[in-house]
Each structure stands twice: as structure tokens, then as C-alpha cells.
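In case you want the letters, here they are:
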Amino acid sequence: MSVKCAFVTGGTGLLGINIVKELLENSSARVVLLIRNPAESKRAKLFNDILAFNGGKWTGGFPYNRIEIVEGDVSLPDLGIAPHIRDRLAEAVDIVYHSAAVIKLSGGEAEVEAANVRGTEHVLDFAMRCKEIGRLEKVVHVSTVAVSGNTEGVFYEDELDVGQEFNNPYEKSKFEAEKLVAKFRKKGLNILIVRPSMVIGHSRSGFTNHFNIFYFQMRLLSQGVLDAIPLHEDAVYNLIPVDYAAKAICLISYDKNIRNENFHIVSSHEVAVKHFVEKACEYLGYKKPSLLPINDLRPLPSAAFSGVRGKVLGIYYPYISSRKVLDASNALNFLHPSGFAWPRMKDALLTNMLDFCILSGYLPMKSEVANETRTYNA
Amino acid sequence: MEINTGAQKEDVKERVKLIISRVTKIPTSAIAGEKLIRDDLGVDSMQSIETLAILEKELNIIIDPEKAFDVATINDLLNLVETSMNSSRGEGTK
């Protein structure tokens, strides 16, 4: 499909901004971004971030004239867009990328529900309007592999409700959002669901505009507050550099023959959590935490891990103890013929992420940690 | 550590402010007792968790995560730390 006008929600988030970059770079589409607070400073940051994800330059000059920013909020009916703008867009948009979401692994149930469930409903209502009065061809709904909850064994792309339970309100909200997608498919919308795993910074520069779970673990290690991490010996991270994730999603979305299918956007190369934590601590000069082996899926022993640090470990625990396998046959069937392949998770790729964390001031090097510790122990 | 005297409370207060400043890069002079942690100081949820985790580690205390949800101002946080110090000390002497 040749995209003429794309409507993107969540366009300032890590994945959304890279979908925008991908559209600007590899299509001739006009890109409309829904943004809650489109103040001039936010626009400037957005353009700077897109450029930064592109290595700081843009061949032929940055295409400002292809970007339209619309004020709105997915949690509001009609996306909070003024009616005359909404109807103008509904006539023009031929693809919607819905990547707006609130990611909170603890608490914030009402906020998560409003943004992720009601937000999806409002976006799909808008898409129905686009289809009815305009030329909409499809919606790309960005979900997450976390809809699989506590499933064990293989989780297939065409599955959703397999009797799983959820580790937090975020997972449940994304599951509920997918159920809404099923309803709107029946109403005639062509909706592709893409389920990414853990998105990290740019594969080469490590650049990120959002430090998510993967980074926060390192931040806690930098402060020396995690003495021990409970870890299944086979635990792996499925990390996807954001440039590859956006490329994969856009390649799938451009295929005009796909209708109402689901795709796992997951790397073919996982990295052992144990290997990563040890290598990262070595690289940054941090004290390595004890990695306590847990050989079954018992709940985290509460006596050993209490307080706020115990709570944090409890939140992370499902993500480093799971034995599920995320089947990605459908995605790979589409991606391989186009020459797409996930990068190997070599140490160099991981250190690119860490180098950017140091450069941006998110993570300190060992010497800085030592200085801070001296200051506060004085 | 006994924290019932005014001077010792001041010491704890200064340490808490230094740790918040270290996590958020906000100058300690801006971290006043009545300030709302999220709305006035712009501290996000990840920074709050990190601050609490460092306080636990450096003051050798255990903070009840459920009570941490109720913390809105710097004074609330100081009270929580004080309560946690007293209760950690109590548990240690059982």
C-alpha cells in the first residue's frame, strides 16, 4: 500500500516517534500526530528527537512540511479534536497507527484504563469515521507481548484469551484493548495488531527518549540498592532496538494483502538476563548483585525481599522468571522475504545502549558512584 | 540511631533532601517541607521509587510500600522515614 496520510497516536513515545521517522524516511506520506500538549517547546523537542534517532541529520533537509500536529488526547471522546479538524482528517487519513499508551507496572489503574482501554476505543471510533466518510484502509494497533500475562509454554500470534492472569493493570488493559479490536474488526475495520517485546534505544547510537524498565534496573544497580536479584537460571530478555521494531511494524503495515492479523514483534535472538546484568555491571564498574537462582515458579519469597526494594523486585520478577515462548512465525513470514532480520544481541549492541545512558547522564560511571557514596556517608 | 531530638531530625532531613537532589538533580534549596513532590518538584514515579530504595539502603530501614503511596509532600516523606526508622529499630531489638 502506498500511504498518503498517516495518523499517529503516541508519536512522541519511544516507538511512536520511530514509526513517524520511518514514515517520513521511507514513504511519501503526510504524517498527522495527535499530541496532548503541542506547545512550541514540545514541537521543537519532537523534531530534535526524530533527527537524533536519524543520526542527527536528514538527507535533503528535514521534511517539516509533511508533519501536521493536532492537539488532542486519546482518553477523550472524539480524541478531543475540534469537530471541523476531525472531519477534515477523517476524509484524508488512509492508515492509523495507534501507539499511545500509559505503561505503569504498579498502581495507576484508573489512568491506565482511561488511556489504554478507553483510548483504544476512541481511536477505533475515529477510524470508523475515517472509513465511513474517507478512504481509511487499515489501523495498526500497537499492543504488547505482555497481553500473554502469566501464560506458560508457547503463546501464538493468533491467540489472546488463553485463561491467563495478569501481573499488573497495564497487562490487563492491553488485553482488554485487544478485545475491543476484535469487536471493531467485526464492524468492518481492517486492524493489524503488533505486539512488541521490550523496546530499547537505537541499535547504533543507543539514543532513546524514554528510559523504560530495562534501563531502570541498571539505574537501581548504579545506586547500589539491589544487593540481590532473584533470577530463573534460564531467564532471558527479548530486547528489540527501536529502529528495528519500527521498521518491522511499518514493513508489515505497508503490505496491502494483510487483513486483521496479529504479529509478534520479537527478536529472534534473546539475551540471558544473567549475562546481561554481569556484563553491564562489569562495563560500568558497578558492584554485581547476587543472582539468586530460582528453579521453579514459586512466588517471590516475601521474607527475603521486603520494603520498597522488595516491591520493585516483585514487579520485575514476572519478567525475569517467565518460561513462555513467543511464537513469531506470522511476523517472520512477512519480514524475511523483505530482507528484514533482527540484529544479533552482541555485547557491542548492549554497550551502545549503556554508552548513551552515560552520555545523557542517566547512568553514572563507577567513579561518580563512588564520589556520591562518599558524600552521603560523610 | 536515636531520632527523637531536634538536631537528629534535622540531620535526617538533610540526608533525605540530599538523596532527593541526587536522584532528581533538583537543588536542595528548592526541596522545602511543604512542597508537593510530584506537582511542585516534578518528581516522576520512577524517581520516587529510586529515592525510596536509596533511603532504605543508606538509612538501613524498611519502608512500607503501601504507606509510600500516601506520600504527597516532602514533610510526608520525612514523617514516613522517621516512622520507618523507629519501627526498623524496634524490630531490630525484639
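Basis of the calculations
- Residues numbered from 1 in each chain as written.
- Chains lettered and ligands numbered in written order.
- Predicted model: local features only at pLDDT ≥ 70, side-chain atom pairs only at ≥ 80, totals over all residues.
- Heavy atoms only, no water.
- Contact = heavy atoms within 4.5 Å.
- Buried area = accessible area lost by both parts, 1.4 Å probe.
- Salt bridge = Lys/Arg side-chain N within 4 Å of Asp/Glu carboxyl O.
- Polar contact = N/O pair within 3.5 Å; in protein donor to acceptor, adjacent residues only side chain to side chain.
- Helix = DSSP H or I, 4+ residues; strand = E, 2+ residues; numbered from the N terminus.
- Buried < 20%, exposed > 50% of the residue type's maximum accessible area, 1.4 Å probe, protein only.
- pLDDT = per-residue confidence, 0-100.
- Phe/Tyr/Trp six-rings, centres within 6.5 Å; stacked < 30°, edge-to-face > 60°.
- Lys NZ or Arg CZ within 6 Å of the ring centre and 35° of its normal.

Novice: Any chance you could explain the interface of chain A and chain B here in plain terms?
Specialist: Interfaces are often sized by the accessible area lost when the parts come together. In this complex, chain A contributes 16 residues to the contact, which on the side of chain B involves 20 residues. Where chain A abuts chain B, roughly 1900 Å² becomes buried across the two surfaces, and 60% of that area is made up of carbon and sulfur atoms. Connecting chain A to chain B are 4 salt bridges. K57 of chain B serves as the salt-bridge partner of D227 of chain A, at 2.7 Å between the closest nitrogen and oxygen. Where chain A packs against chain B, one counts 6 residue pairs in polar contact (both at pLDDT 80 or more). Residue assignment for the side of chain A that touches chain B shows that the elements contributing at least two residues are α6 (213–222), α9 (307–316) and α12 (366–377) of chain A.

Novice: I tried to follow the pattern of salt bridges on my own but got confused; where do I start?
Specialist: Where charged atoms of side chains with opposite charge meet at close range, the side chains can pair. Under the counting rule described, the total for this entry stands at 26 salt bridges over all chains. Across the pair D78 of chain A and R86 of chain A runs a salt bridge whose closest N-O atoms are separated by 2.7 Å. For E58 of chain B, the salt bridge identified is with R22 of chain B, shortest N-O distance 3.0 Å. Placement of the pair is E58 of chain B in helix α2 (residues 45–59) and R22 of chain B in helix α1 (residues 6–24), with a sequence separation of 36 residues. For the pair shown, E58 of chain B and R22 of chain B are each scored as buried. Each of D78, R86, D87 and R129 of chain A takes part in salt bridges that share partners, so that together they form one network.

Novice: So what exactly am I meant to see when it comes to the confidence of the model for chain A here?
Specialist: Note: predicted coordinates in regions of low pLDDT should not be interpreted at a detailed level. Confidence in the prediction of chain A, expressed as mean pLDDT, is 90, and 94% of residues score 70 or more. Low pLDDT, under 50, characterises residues 373–378 of chain A; the predicted model gives this stretch 5 contacts beyond four residues in sequence or across chains.

Novice: Would you mind showing me how to read the packing of aromatic side chains here?
Specialist: The relative placement of two aromatic rings is captured by the distance of their centres and the angle of their planes. All names here are of chain A. For the structure shown, the criterion picks out 18 aromatic pairs over all chains. Here F7 and F126 contribute two aromatic rings whose centre-to-centre distance is 4.7 Å and whose plane-to-plane angle is 40°, an arrangement assigned as tilted. Separated by 119 residues along the polypeptide, F7 in strand β1 (residues 5–9) and F126 in helix α4 (residues 109–133) bring together distant segments of the chain. Residues F7 and F126 agree in their burial class; the two are buried. With 4.0 Å between their ring centres and 0° between their planes, F211 and Y362 make a pair best called stacked. With F211 in the loop between β8 (198–200) and α6 and Y362 in the loop between α11 (347–360) and α12, this residue pair connects regions lying 151 residues apart in the sequence. Residue classification places F211 among the partly exposed residues on the basis of a relative accessible area of 23%. Counting every residue linked through ring pairs, the aromatic cluster contains F53, F207, F211, F214, Y215, Y237, F276, F356 and Y362. Here the basic side chain of K187 rests over the ring of F184, its NZ or CZ set 4.3 Å away from the ring centre.

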